[in-house]
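Structure at a glance
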Amino acid sequence: MSTLRWGILSTADIARKKVIPGLLKAERCEVVAIASRDATQARVVADELGIPTAHGSYEALLADPDVDVVYIPLPNHLHAEWAIAAARAGKHVLCEKPLAMTAADAERMVDACATEGVRLMEAFMYRHHPSWVAVREIVDSGRIGRLRAVESWFSYFNDDPANIRNQVDAGGGALFDIGCYSVNLSRMLFGGEPVGVQASVVRDPGTGVDVLTSAILAFDDGVATFTCSTRLETDQRVHAYGSAGRLSIDIPFNIPPDRPTHIHVTAGGDPPVAPATETLTFDTADPYTVEAERFAAAILDGLPTPTPPEDAVANLRVIERIFASGNGGGVT
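Residues numbered from 1 in each chain as written. Predicted model: local features only at pLDDT ≥ 70, side-chain atom pairs only at ≥ 80, totals over all residues. Heavy atoms only, no water.

1. A look at the overall build of the chain
Using the following cut-off: Here a strand is any run of E in DSSP of at least two residues, a helix any run of H or I of at least four, and the numbering for each starts at the N terminus. The reference for a compact globule is 2.2 Å times residues^0.38; the radius of gyration itself is calculated from the C-alpha atoms. Should any heavy atoms of two residues lie within 4.5 Å, those residues are considered in contact. Exposure was quantified through the Shrake-Rupley algorithm and a 1.4 Å probe, taking into account, for residues, occlusion by the shown protein chains and nothing else.
A count of helices and strands for the chain gives nine helices and 14 strands. Here the C-alpha radius of gyration of the chain, 20 Å, is about what a compact globule of 332 residues would show, namely 20 Å. Structurally, the chain occupies a C-alpha span of about 60 × 45 × 35 Å along its principal axes. Of the contacts made within the chain by residues no fewer than 6 positions apart, 67% connect residues no fewer than 24 positions apart. When the accessible surface of the chain is split by element, carbon and sulfur atoms take 50% of a total near 13600 Å².

2. A word on the packing of aromatic side chains
Using the following cut-off: Note on aromatic pairs: the rings of Phe, Tyr and Trp (six-membered ring only in Trp) are paired at centre separations within 6.5 Å, and the planes decide the class, stacked below 30 degrees, edge-to-face beyond 60, tilted for the rest. Exposure classes here rest on a 1.4 Å probe applied to the protein chains alone. A residue is buried below 20% of its type maximum, exposed above 50%, and partly exposed in between.
Tallied over the entire structure, the rule returns 12 aromatic pairs. Ring geometry for Phe124 against Tyr126: centres 5.9 Å apart, planes inclined by 85 degrees, an arrangement best described as edge-to-face. Here the aromatic rings of Tyr126 and Tyr181 are separated by 5.8 Å at their centres, their planes lie at 55 degrees, and the arrangement is tilted. Here Tyr126, found in the loop between β6 (120-122) and α6 (130-141), pairs with Tyr181, found in helix α7 (residues 174-190); they are 55 residues apart in sequence, far enough to count as distant. With respect to class, Tyr126 is no different from Tyr181; both count as buried. Site record: aromatic cluster; members linked through ring pairs are Phe124, Tyr126, Trp132, Phe154, Tyr181 and Phe253.

3. Comments concerning the sheet that holds strand β9 (residues 210-219)
Which entries qualify depends on this criterion: If DSSP finds at least two bridges between two strands, the strands pair. Only the contacting stretch of a helix is used when fitting its axis, a line to C-alpha atoms as for every element, and angles between N-to-C directions run 0 to 180 degrees.
Across the sheet, which stays open at both edges, the eight strands sit in the order β8-β9-β10-β7-β11-β12-β13-β14 with mixed pairing between neighbours. The open sheet has two edge strands with one neighbour each: β8 (196-203) and β14 (274-282). On average, adjacent strands in this sheet sit at an angle of 15 degrees to one another, irrespective of strand direction. As paired strands, β8 and β9 are joined by eight bridges and run antiparallel to one another. By the bridge assignment for β9, Val202 is matched with Leu212.

Rendered as structure tokens:
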């Protein structure tokens, strides 16, 4: 294959507004089909985005011989079922985060894809953006000294009980939806798993979903702290502190695809009044395009999967520990 042919398993908003537009710009990628349980809806979205084939069921898309890889933006509780079905149909899988509702389900997905010889990757698009590649390089190079602390925040306001993010059985809630980013980046920057987890979890009394979750993740070499919420003013930020400097990231998660982005590296000067800060600017890059191109290169060129699926299992194990601690389990 010289081009990876994509099928989209759902007409979800994230697919329509973010992922498919990114895919359409990606080199060596072609979006050939989209599916919905509503055939009319599939046709409408296909026509809107210039996708040749519209399927009226997910099964039909998986049976389509022209599809090489499936992108799954379904609600969280459906990820495992349809990723495993895609693997058994011989399709590679890019699945939205979190990979599953439990680490055990994620392991089943990993095993199914390995058995069928197809690739599986969790869709943490931010990791592939040039700004985050630079963050990892700065931390690894020792430019800010020894990394000792990471602080992150991710919030928005959504109290609509009909919204899937407020339905506990479907995997709604702040930690699954956005806190997973903070868990992921903390593990990535420290290069390991937390040895201790302590959390506070506040749930909506009506829906049961967590709406305000904070956690302390203790690593061998430092600590990560974060708060995520679906009931607060929209904001997102990441700060990393080392023994000889610090860095901060403008718009770390929902990175805009249409403008340059920035990170700020501070070391020395006369803090806090006049710290010495260098602003690094990165050319416009759509994180969904970069993600698709890297996944395509792995499949087409036989390269390692950019983010191995085992990382998604490990992320879910930490999420489970956060829920356990926040539900009265103490330090886990």
